[in-house]
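In case you want the letters, here they are:
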Amino acid sequence: MTHSAPAVFETQIDDLELIHRGKVRDLYRIDDERMLIVTTDRVSAFDVILPTPIPDKGRVLTEISRFWFEKSRDLVPNHLCENQDLSSIVTDAGQRAQLEGRSVIVRNLKALPIEAVVRGYLIGSGYKDYQASGAVCGITLPAGLQLADQLPEAIYTPATKADVGDHDENIDFAETEQLVGPEMAAQVRDTAMRLYRMAADYAAERGIIIADTKFEFGLDENGTLHLIDEALTPDSSRFWPADEYRPGISPPSFDKQFIRDWLETLDWDKTAPGPAIPDEIVAQTRERYLTAYRRLTGEDLPGIA
């Protein structure tokens, strides 16, 4: 068992204004142009933030996003600022220590009101849609597909972004055209599809199937599209070990699905407050996140003993 750094459930930064505390991320204003995004070790399931953090989860998500942001620069610019030195922004050394490896300084861009979801496999809400209608988000699929089957080709199935505690709602492409205009809707779709294909091909060579993923995009002052938020992490994607995958069953995964499966065994009504997570489930979940990082990058997470 690898040694973990102390878990960070919630951050407090005296020097900066807290803009928003999400399910996992704490957002702070640096100035009019920049924000600090801190990825905590909080974990949510069924849209409820659970009381037990997963040590190193935030660091894994931050570093995997950073890895993909770098890898996708030729496909789309992203919101990362070049200077990532925190010392002049957060002056208190103790507060700065809790941010190490789990924070990024980003440009303050105008977020688009859609989740750009790409699915390569039939799972989750997509499978439920398919069972009911033979289609996913209005896209008709071949008959007879099983749970977790690979789709003939990846499909773009956008959603509206929900507030904390609400569910994202699947929408069709025509609705995204109404939200952001036909030209931007097409650009978002095409960029998301290119990003997914690039990442899925790369991950496949390293024994990971990226079954689906969601991207968020924002615009700069010139209207240029940028990739924002997180990118291709186990929280925003389904990562499956290729050597354990087979259609017809929900495959094991490198993410919090392990916690969801455990929660399903409990007598819990899926409303707050959520139950505390036992140490054994915490440890096994943490190891899944670390394994995803290892497989993708070929390295151990920095600072892991």
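An account of the accompanying structure is given in this report.

### Looking at the pairing of strand E1 (residues 17–21)
Thinking step 1. Pairing analysis gives four bridges linking E1 to strand E2 (residues 25–29), with the strands arranged antiparallel. Bridging across to E2, Arg-21 finds its partner in Asp-26.
Thinking step 2. Hairpin connection from E1 to E2: three residues lie between these consecutive antiparallel strands.

### Re the side chain of Asp-41
Thinking step 1. Of note, Asp-41 is situated in the loop between strand E3 (34–39) and strand E4 (44–45).
Thinking step 2. On the basis of relative accessible area, Asp-41 is assigned to the buried category, the value being 0%.
Thinking step 3. In terms of polar contacts, Asp-41 uses its side chain to reach the side chain of Arg-102, at 3.0 Å.
Thinking step 4. In this structure Asp-41 touches Pro-6, Ala-7, Val-8, Pro-53, Ile-54, Pro-55, Asp-56, Lys-57, Gly-58, Arg-59 and Arg-102, once residues within four positions along its chain are discounted.

### Quick look at the packing of aromatic side chains
Thinking step 1. By the definition in use, this model includes nine aromatic pairs.
Thinking step 2. Relative to Trp-240, the ring of Tyr-121 lies with its centre 5.5 Å away and its plane at 70°, an arrangement referred to as edge-to-face. Here Tyr-121 is found in strand E8 (residues 114–121), whereas its partner Trp-240 is found in strand E16 (residues 237–241), with 119 residues between them in sequence.
Thinking step 3. The buried category is assigned to Tyr-121, whose relative accessible area is 10%.
Thinking step 4. Residue Trp-240 is classed as buried on the basis of its relative accessible area, which comes to 2%.
Thinking step 5. Measuring from centroid to centroid gives 5.6 Å for Tyr-121 and Tyr-245, while their planes differ by 80°, and the two rings are edge-to-face.

### Comments concerning the packing of helix H1 (residues 57–71) against helix H5 (residues 182–204)
Thinking step 1. Their axes nearest at 11 Å, the elements H1 and H5 cross at an angle of 115°. The chirality of how H1 crosses H5 is right-handed. Seen from H1, the contacting residues are Phe-67, Trp-68 and Lys-71; seen from H5, they are Met-198, Ala-199 and Tyr-202.
Thinking step 2. Of the residues assigned to the contact of H1 with H5, the class counts are five nonpolar, no polar and one charged.

Criteria and thresholds
- Residues numbered from 1 in each chain as written.
- Predicted model: local features only at pLDDT ≥ 70, side-chain atom pairs only at ≥ 80, totals over all residues.
- Heavy atoms only, no water.
- Pairing = 2+ DSSP bridges.
- Helix = DSSP H or I, 4+ residues; strand = E, 2+ residues; numbered from the N terminus.
- Buried < 20%, exposed > 50% of the residue type's maximum accessible area, 1.4 Å probe, protein only.
- Polar contact = N/O pair within 3.5 Å; in protein donor to acceptor, adjacent residues only side chain to side chain.
- Contact = heavy atoms within 4.5 Å.
- Phe/Tyr/Trp six-rings, centres within 6.5 Å; stacked < 30°, edge-to-face > 60°.
- Axes fitted to C-alpha atoms, helices over the stretch in contact; angles between N-to-C directions.
- Left-handed = near helix turned anticlockwise from the far one by under 90°.
- Nonpolar A, V, L, I, M, F, W, Y, C, P; charged D, E, K, R; others polar.

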